[in-house]
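Examining the three-dimensional arrangement
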Amino acid sequence: MRRTALFFGSVFIGLTVACASPASLSTEKTTLRLAHNMNESHPIHQSLLHFAELAEEKSEGALTFEIFPNGQLGSEREAIELTQTGAVDATKVSATALESFSPVYALFSIPYLFDGADHYYTVMESDIATDIYDSTADNGFFGLTYYDAGIRNMYTIGTPILAPEDLRGLKIRVQPSETAIEMTRLMGGAPTPMAFGEVYTALQQGVIDGTENNETALTSNNHGEVAKEYSYTEHAIVPDLLIFNQSRWESFSPEEQRILKEAALESSEFHKELWAAETAEAIARAEEMGVTFHEDVDKAAFRASVDPMHQQVKQDPDLAPFYERIQEMRKEGHTND
Ligand code: GCU
């Protein structure tokens, strides 16, 4: 937390100055601080910039954002803590990282929760998602919107992961979350939790044998330089979330809240298209880097291996109601097999 202390000590002071603004908006110009852990070449950075531009435009300059990419303010966990206390106003994090702050977010890390992309989008654009976003208000933050973060797959330095036995004995980096740890253990690997920013070096130094993520990690974060076997296990579709400090939000007028919400939803739509294009581009670039993409994965075997997690979630009084609602949204013909 050394960086955080520095951050409190010197970088940020209240950033509001008087400026001309439409009557319905505050007469103060407010600069909000937004953190995330990806570099400037990653599609999420472009979409967060777009969000900031929309908010500024719609508020006629009254609301502006300062964006801190690259995990400059710390890991996802640290950034969530800063958002809780209000030291930063908003943060983009993986839903998985939110699990230790609010157990309901563990749902998104349940492997094979969604039947495929269509089922996922249906849920994320329904009131199930907004009910989850609003459930953390007592923890000092809430979810404003989600951003597509693709489908997570296993990728390794050596053996491709085509069936659970291929994971045996392999150290696989997972997000620091109980659910991700349990998933990897049941799928057959040895889970090694660590922050995303440490993964490249861990791969390079052979501390881990592989990890799991969407295809952009191969290129934007250079994981494909070291891990050459990308296997379509398609075990999880975990959204990124834009979380916002609750009391900061409550300090805004209804008009400002409307503008921020609208900007967030529009940027989420923008991101969906950008994501599809950037994923295709990442695959092409990763192939040039020498990465092989394996489609011939025994997903039925992986799915069966993690069934105990589904049975467990059905028994959990906090998660089961959300889980059931998600199951009801499964559509015929949109399976992931
Ligand atoms: C995805 C996600 C990030 C997360 C990362 C991880 O890339 O978009 O928010 O940090 O996975 O595996 O930690």
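For the structure given in this document, a descriptive report is provided here. Source: prediction; values computed, not measured.

This part takes up the packing of helix α2 (residues 43–58) against helix α10 (residues 254–288). Viewed as axis vectors pointing N to C, α2 and α10 meet at an angle of 150°, and their least axial separation amounts to 8 Å. Between α2 and α10, the interaxial angle falls into the category roughly antiparallel. Taken as a pair, α2 and α10 cross one another with a handedness that is right-handed. The residues of α10 that touch α2, namely those facing P43, I44, Q46, S47, H50, F51, L54, A55 and K58, are I259, L260, E262, A263, A264, E266, S267, F270, H271, L274, W275 and E278. Broken down by class, the residue content of the contact of α2 with α10 amounts to twelve nonpolar, five polar and four charged.

Moving on: the layout of surface pockets. As a volume, the largest pocket reaches approximately 570 Å³. Taken together, 34 residues form the lining of the largest pocket, with N37, E76, A195, F196 and G197 sitting closest to its centre. Listing elements by their share of the lining of the largest pocket, those giving two or more residues are α3 (76–85), β4 (90–94) and α8 (216–219). Broken down by element, the residue count for the lining of the largest pocket peaks at four residues, all from α3.

The next point concerns α2. With 16 residues, α2 should reach 22 Å at 1.5 Å per residue; the first-to-last C-alpha distance of 22 Å fits that figure. Listing the buried residues of α2 in full gives P43, I44, H45, S47, L48, F51, A52, L54 and A55. Two residues or fewer past α2, E60 is found with a positive phi of approximately 50°.

Once that is clear, we can look at the pattern of salt bridges. On inspection of all chains with the given rule, the structure shows 17 salt bridges. For the salt bridge of R152 with E212, the shortest nitrogen-to-oxygen distance reads 2.9 Å. Of this pair, R152 sits in strand β6 (residues 152–156) while E212 sits in strand β9 (residues 210–213), and the two are 60 residues apart along the sequence. You'll find R152 and E212 in the same group, each marked buried. One network of salt bridges, in which partners are shared, links K58, E255, R258, E262 and E266.

In the neighbourhood of the ligand, 13 residues make up the surrounding shell, with E76, K92, R152, R173 and D240 lying closest. K92 is positioned such that a nitrogen or oxygen atom in its side chain is 2.7 Å from an oxygen atom of the ligand. With respect to the ligand, the side chain of R152 contributes an N or O atom lying 2.8 Å from an oxygen atom. Coverage of the ligand by the protein amounts to 98% of the 320 Å² it exposes when considered alone.

Before going further, it helps to examine the pairing of β9. Burial along β9 is two-sided: the face carrying G210 and E212 and the face carrying T211 and N213 are both buried. Relative to β9, β6 is paired through four bridges, and the arrangement is antiparallel. In the sheet register, T156 faces β9, and the bridge partner there is G210. Judged from the two bridges that link them, strand β7 (residues 171–174) and β9 form a sheet pairing that is parallel. The residue bridging R173 from the neighbouring strand is T211, located in β9.

Thresholds, definitions, all that
Residues numbered from 1 in each chain as written. Predicted model: local features only at pLDDT ≥ 70, side-chain atom pairs only at ≥ 80, totals over all residues. Heavy atoms only, no water. Axes fitted to C-alpha atoms, helices over the stretch in contact; angles between N-to-C directions. Helix = DSSP H or I, 4+ residues; strand = E, 2+ residues; numbered from the N terminus. Parallel < 35°, antiparallel > 145°, perpendicular 65-115°, else oblique. Left-handed = near helix turned anticlockwise from the far one by under 90°. Contact = heavy atoms within 4.5 Å. Nonpolar A, V, L, I, M, F, W, Y, C, P; charged D, E, K, R; others polar. 1 Å grid on protein atoms, 1.4 Å probe; cavity = no way out; pocket = protein on both sides within 12 Å on 5 of 7 lines; lining within 4 Å. Points joined across faces, edges and corners; volume = space filled by probe spheres on them. Expected span 1.5 Å × (residues − 1). Buried < 20%, exposed > 50% of the residue type's maximum accessible area, 1.4 Å probe, protein only. Salt bridge = Lys/Arg side-chain N within 4 Å of Asp/Glu carboxyl O. Near = heavy atom within 4 Å. Polar contact = N/O pair within 3.5 Å; in protein donor to acceptor, adjacent residues only side chain to side chain. Areas by Shrake-Rupley, 256 points an atom, 1.4 Å probe, with all protein chains shown as cover. Pairing = 2+ DSSP bridges.

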